[in-house]
Every structure is written in C-alpha cells, then in structure tokens.
Amino acid sequence: MRLSRYFLPVLKENPAEAQIVSHRYMLRAGMIKQQTAGIYSWLPLGFKVLRKLENIVHEEQQRAGHIPLLMPTLQSADLWRESGRYDDYGEEMLRITDRHGRDMLYGPTNEEVITDIFRAHVSSYKDLPLTLYHIQWKFRDEIRPRFGVMRGREFFMKDGYTFDLTKEDALHAYNRHLVSYLRTYERMGLQALPMRADSGPIGGDDTHEFLVLADTGESEVFYDNAVTDIRLGAREIDYDDKPQCQSIMEEFTALYARTDETHDEALFNQIPEARRRSARGIEVGQIFYFGTKYSEPMGATVQGPDGKPVPVHMGSHGIGVSRLVGAIIEASHDDKGIIWPEGVTPFHCGIVNLKQGDEDVDAACNQIYAALRAVGLDPLYDDRKERAGGKFATMDLIGLPWRITVGPRGLKNGVVELTSRRTGESVEMSAEEAVKKVA
Ligand code: ATP
Ligand code: MG
Ligand code: MG
Ligand code: MG
C-alpha cells in the first residue's frame, strides 16, 4: 500500500478521553473511531489487525478439529425463556422489540442458539463429539464501557460450543480448547496465563480464564511466578490424543494461578515467597465446562448406545478477538507507539522515502516495494511529500516490525537503512539484502 493513497487518519495530539495506552495509540494511529459509547468503527489499519487476529483464531480452531459456522447477531427472546436466562441476564442484555411486538435481543453470547441448532439436527451419539464455533459481533450493554475496544458494548468474539456424550469426552474437549488457545495467543506474540476462575452460581464446574498480565487490566490475579516460564512453543500436538491434551492442561494449570474470585490465601501462602505474585490482568478468553445446564432444559438429547435418550454434555469457550487488539498493544509498546508482534502486524514493513520527487530515491523505493510484494509481503510505502521527522514518527506510532529508509546519501554508497522497531537498531545494507532480511 502507498501511504499517499491509503486512509490513515493519525492524530498528533493525545486524545483526552483515552485513559490507557492501547486506547490512546489506537486512536492516534487511526485504527478506530468511537461512534457512540462503547461502539467503534474499525478504520482500515485497525480492521487489518482485527482480521489478522480473526484468521489466527480460525486457523487454530480448525487445526483442533472445530467447525466454523455463523449464527446471527439478533436472537429471539423465546429461546432464552426456554433456558431460563431471559430474566436472569439483566441489564447487560440489549432487548429489542420488532414491528410485530416480538421480543428480540442482540446476542451477548450464543448458548441458546447453538443448542437450538443442535437439537434440530443431531439425534444420535454417533454424531458426537461435535464442536461448532463462530466469530461474530456481540452486544453487552456494559454499565461502564471504557478503555476503547477493551470493554466495548459491541465487541467481536469467538465462541465455540462442545457437545459430547460423556463428561469424560467433554473434559477432553475442554483440554483441547485450552491447548488450542495457548497456541493462538502464542502466535499473537502474547503470553496469556490460564487461571482458575469462578464458575458462577452453578458451581463445581471447570473453568479457566486466560489472562494477559498488564497493570491496566481489570482483573486482580494471584499466581506462582514459575507459571510465566512455561511455553507451548513448537511442540507437535495431536488434538485427538486425550492423554497428550490432558498432560498439557495439567502442565499449565498445576501451579497456583487464580483470579480474585477463586483466590485462596492459605494455598497462595504455601508458594515460596519469592515466587508469589499479585498483579492485574486482562481477560482475553475463557473456557467452561457446564455439563447439561442447557441441554436438559432445552431438550438437547441424543440416543445413547443403549437406545436411551441422554442429555449431551456441553462446554462453551470464548476468545475476545477485538479486546485482544488492545491487549496486544498493552503488552507491546513504547513511548513512541505500538510495537506489533510479527504474527499480527497490519503491514510487514514500512518503506520511508527521505526525498520524495528525487528520481533515484523514488526508483529505489519503488523497486523495494515491488520486491517485497513479489515475495508475498505487504509493505506500507510512505511516498508522501512530508519531512523525514513526520514520516518516522508515523512509522513508530503504527509500529511495523521493520522500516527500510531510503535517502539520496545512502543510495550514493549503494545502501539503505533497515531498522527494527523493537530494538531500534539500524543497519546499513544493500536494498536486496534488506528485502531478504524482512522476508
Ligand atoms: P469481563 O469479565 O471482562 O466482563 P466476561 O467474563 O463477561 O468478560 P465472557 O462471557 O467470558 O466475558 O466472554 C468471552 C471473552 O469475550 C472474554 O474473555 C473477553 O475477552 C471478551 N469480552 C467480554 N466482554 C467484553 C467487552 N465488553 N468488550 C470486549 N471484549 C469482551
Ligand atoms: Mg462481562
Ligand atoms: Mg470475566
Ligand atoms: Mg469470562
């Protein structure tokens, strides 16, 4: 993309309404625009990052054998009356009446709709296990929308639902989700720690939240610092291998790591003092096994091997895709702007032309631009007639991992400058070498 033809409305000033760094940088980098409280337009740069995260989530879910579909944002209240949640859900639910006076709602989550799909089409245990998921907009009328896309009212979420014949199978589905989530966050350049969370009024069920440690996080967390040393890395995973998924789950959840709701001071104090941590975290996902909570009242049963109907064991598993954009920035920035991890960057590389209009410099930039595109990369070429300082400031703000700077002085010696956004280190080399380094 040539910046002269792009739509990147960067702001020079810090917007007064932004209290945290990710919100500030997302506004300044022209990624989002608030339309009304907690509701945002995703401008081209922000939209690109959102799509990248969405793709990673899709890839990792499908790698785990989970099947994508798409459910609507608007739902009928009647389904929620069946599950008993219509009255319980409270003021976070946006309730709508259509022209015929029918009660509708903008879905805050989809357990009811997916259970309705399941019961309409699945009747035998032979069709299990089944995991269906979608990535769709949700609406929750948050009492205090804030921090930009971190706590929006409209937000983009991946929610997956598992259907199994037995609790044992359902717990394998749970472990599979835990492992696939770890992979997902690692690909995004993030560490998200699974922490034992509160299962709410039902109690006794299994649930973990995934938390990104950040001072601006809204959750209070307590953990053994040794958990931060564990990585999934590049290990081979067979998602059908129950013992493997189980052992990874155990590896990542054996040490103490809990949110304040389940925090146990006595247990916590058994951790060697030097490793005890209390901190803030951003909830970027949650996995939940809840048994037959929805299948029983909504009649989602299958015929078991003995011919008798059994309610299916279910779980639901969410990732906050739009919140992750903010969470990644909270975890990766400096005082000049965002520092995108390679896996999620909106453009792979920036090209800065230091003397727009100079025949040689323009030609060299065009060549680099074409060479990067030829190897399948997506560069952003700042071809505007602006002073160098402004161009550098924009590149630093939008945080692309690499910048290739081309000026008349370097070209005379046959070199351009390659700069790493993360380390700030600049090295002179030939244009060909720079292209090779970036690719
Ligand atoms: P929170 O505790 O932050 O209110 P939640 O526990 O209510 O979140 P879940 O129902 O677990 O949310 O939804 C799955 C994921 O969706 C969350 O882990 C979070 O990442 C994301 N999410 C929830 N609410 C919002 C919101 N208002 N804005 C952006 N993302 C959200
Ligand atoms: Mg909530
Ligand atoms: Mg929560
Ligand atoms: Mg949650």
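It should be emphasised that the depicted structure is a prediction, and the values quoted were computed from it without experimental measurement. (Residues numbered from 1 in each chain as written. Chains lettered and ligands numbered in written order. Predicted model: local features only at pLDDT ≥ 70, side-chain atom pairs only at ≥ 80, totals over all residues.)

1. Things to note about the overall build of the protein
From N to C terminus, the protein includes 14 helices and 23 strands. Here the protein has a C-alpha radius of gyration of 24 Å; the compact-globule value for 439 residues is 22 Å, and the two agree. The C-alpha extent of the protein, read off along each of the three principal axes, is 80 × 60 × 40 Å. By residue count, 42% of the 439 residues in the protein fall in the buried class. (Helix = DSSP H or I, 4+ residues; strand = E, 2+ residues; numbered from the N terminus. Rg over C-alpha atoms; globule rule 2.2 N^0.38 Å. Buried ≥ 20, exposed ≤ 12 C-beta atoms within 10 Å, placed from the backbone.)

2. Re helix H14 (residues 431-438)
Of all the residues in H14, the buried ones are Ala431, Ala434, Val435 and Val438. The buried side chains of H14 occupy one side of the element, clustering within an arc of 100 degrees when seen end-on. For H14, exposure combined with an orientation more than 90 degrees from the buried face picks out Glu432 and Lys436. On its buried face, H14 is in contact with strand S19 (349-353), helix H11 (359-374), strand S21 (402-406), strand S22 (416-420) and strand S23 (426-429). (Arc of directions from axis to C-beta. Contact = placed C-beta atoms within 7 Å.)

3. Some words on the packing of helix H6 (residues 167-187) against helix H7 (residues 242-253)
Where H6 contacts H7, the axes come no closer than 9 Å and their chain directions differ by 60 degrees. Between H6 and H7 the crossing geometry is left-handed. Between H6, through His172, Asn175, Arg176, Leu178, Val179 and Leu182, and H7, the contact on the second element is made entirely by Lys242, Cys245, Gln246, Ile248, Met249 and Phe252. The residue inventory of the contact of H6 with H7, partitioned by class, reads seven nonpolar, three polar and two charged. (Axes fitted to C-alpha atoms, helices over the stretch in contact; angles between N-to-C directions. Left-handed = near helix turned anticlockwise from the far one by under 90°. Nonpolar A, V, L, I, M, F, W, Y, C, P; charged D, E, K, R; others polar.)

4. Some details on the site of ligand 1
Around ligand 1, the surrounding shell holds 15 residues, and the nearest of these are Phe155, Gln286, Gly318, Gly320 and Arg323. For the shell around ligand 1, the elements supplying multiple residues, two or more each, are strand S8 (154-164), strand S13 (276-291), strand S16 (313-320) and helix H10 (321-331). At four residues, the largest contribution of residues to the shell around ligand 1 is made by S13. Residues belonging to the shell around ligand 1 are distributed by class as follows: three nonpolar, seven polar and five charged. (Near = placed C-beta within 6 Å.)

5. Some remarks on the sheet that holds S21
Here five strands make up an open sheet; going across it, the order is S20-S19-S21-S22-S23 and the pairing mixed. Of all the strands in the sheet, just strand S20 (379-382) and S23 have a single pairing partner and so form its edges. When the angles between neighbouring strand axes are averaged without regard to direction, this sheet yields 20 degrees. Summarising the sheet, S22 and S23 pair through four bridges and their orientation is antiparallel. Pairing of Glu417 across the sheet is with Glu428, part of S23. Its contacts with the sheet place H11 against S19, S20 and S21, and it is angled at close to 170 degrees to S19. Packed on one face of the sheet, H14 meets S19, S21, S22 and S23 and runs near 20 degrees to S22. (Pairing = 2+ DSSP bridges.)

6. Let's talk about unusual backbone geometry
That bond from Leu128 to Pro129 is cis: its omega, 0 degrees, falls within 30 degrees of zero. Tracing the sequence through the fold places Pro129 in the loop between helix H5 (111-121) and strand S7 (130-139). Here the phi dihedral of Phe147 falls at roughly 60 degrees; this positive angle occurs in a residue that is not glycine. Here Phe147 shows up in the loop between S7 and S8.

7. So, the pairing of S16
Counting buried positions along S16 yields eight of eight residues, so the element is predominantly enclosed. Neither face of S16 is exposed, since His313, Gly315, His317 and Ile319 on one face and Met314, Ser316, Gly318 and Gly320 on the opposite face are all buried.

8. Description of the confidence of the model for the protein
Across the protein, the average pLDDT comes to 96, with 99% of residues at 70 or higher. Taken together, the chains of this predicted complex give a pTM of 0.97 and an interface ipTM of 0.99. (pLDDT = per-residue confidence, 0-100.)

9. Looking at the sheet that holds strand S4 (residues 74-76)
Reading across from one edge, S4-S6-S5 is the order of the three strands in this open sheet, with antiparallel pairing throughout. Whereas interior strands pair on both sides, the edge strands pair on one side only; in this sheet they are S4 and strand S5 (94-97). Strand after strand, the sheet turns through a mean of 35 degrees between neighbouring axes, direction not considered. Both S4 and strand S6 (residues 103-106) contribute to a ladder of three bridges, which runs antiparallel. Its bridge partner lying in S6, Ser76 is registered against Met104.

10. Structural notes on the nonpolar core
Across soluble globular proteins, nonpolar side chains have a tendency to be buried as a group. Grouped together as the largest cluster of nonpolar side chains are 102 residues, with contacts concentrated most on Leu53, Val284, Ile351, Ile368, Ile404 and Val406. Broken down by element, this core gets its largest block of residues, nine residues, from H6. Excluding its chain neighbours within four sequence positions, the residues that come into contact with Ile368 are Ile351, Ile404, Val406, Ala431 and Val435. (Core = buried A, V, L, I, M, F, W, Y, C linked by C-beta atoms within 7 Å.)

11. Description of the environment of Glu433
Inspection of the secondary structure assignment puts Glu433 in helix H14. Glu433 sits in the partly exposed class, given 14 other C-beta atoms within 10 Å. Expressed as a C-alpha distance, the spacing of Glu433 and Leu418, which sit 15 residues apart in the sequence, is 9.4 Å.

12. A word on the packing of helix H2 (residues 44-63) against H10
Close contact between H2 and H10 brings their axes to 9 Å; oriented N to C, the two are set at 115 degrees. If you check the angle between H2 and H10, you find them roughly perpendicular. Both H2 and H10 take part in a crossing whose hand is right-handed. Contacts between H2 and H10 involve Gly46, Val49, Leu50, Leu53, Glu54 and Val57 on the former and, on the latter, Val321, Ser322, Leu324 and Val325. (Parallel < 35°, antiparallel > 145°, perpendicular 65-115°, else oblique.)

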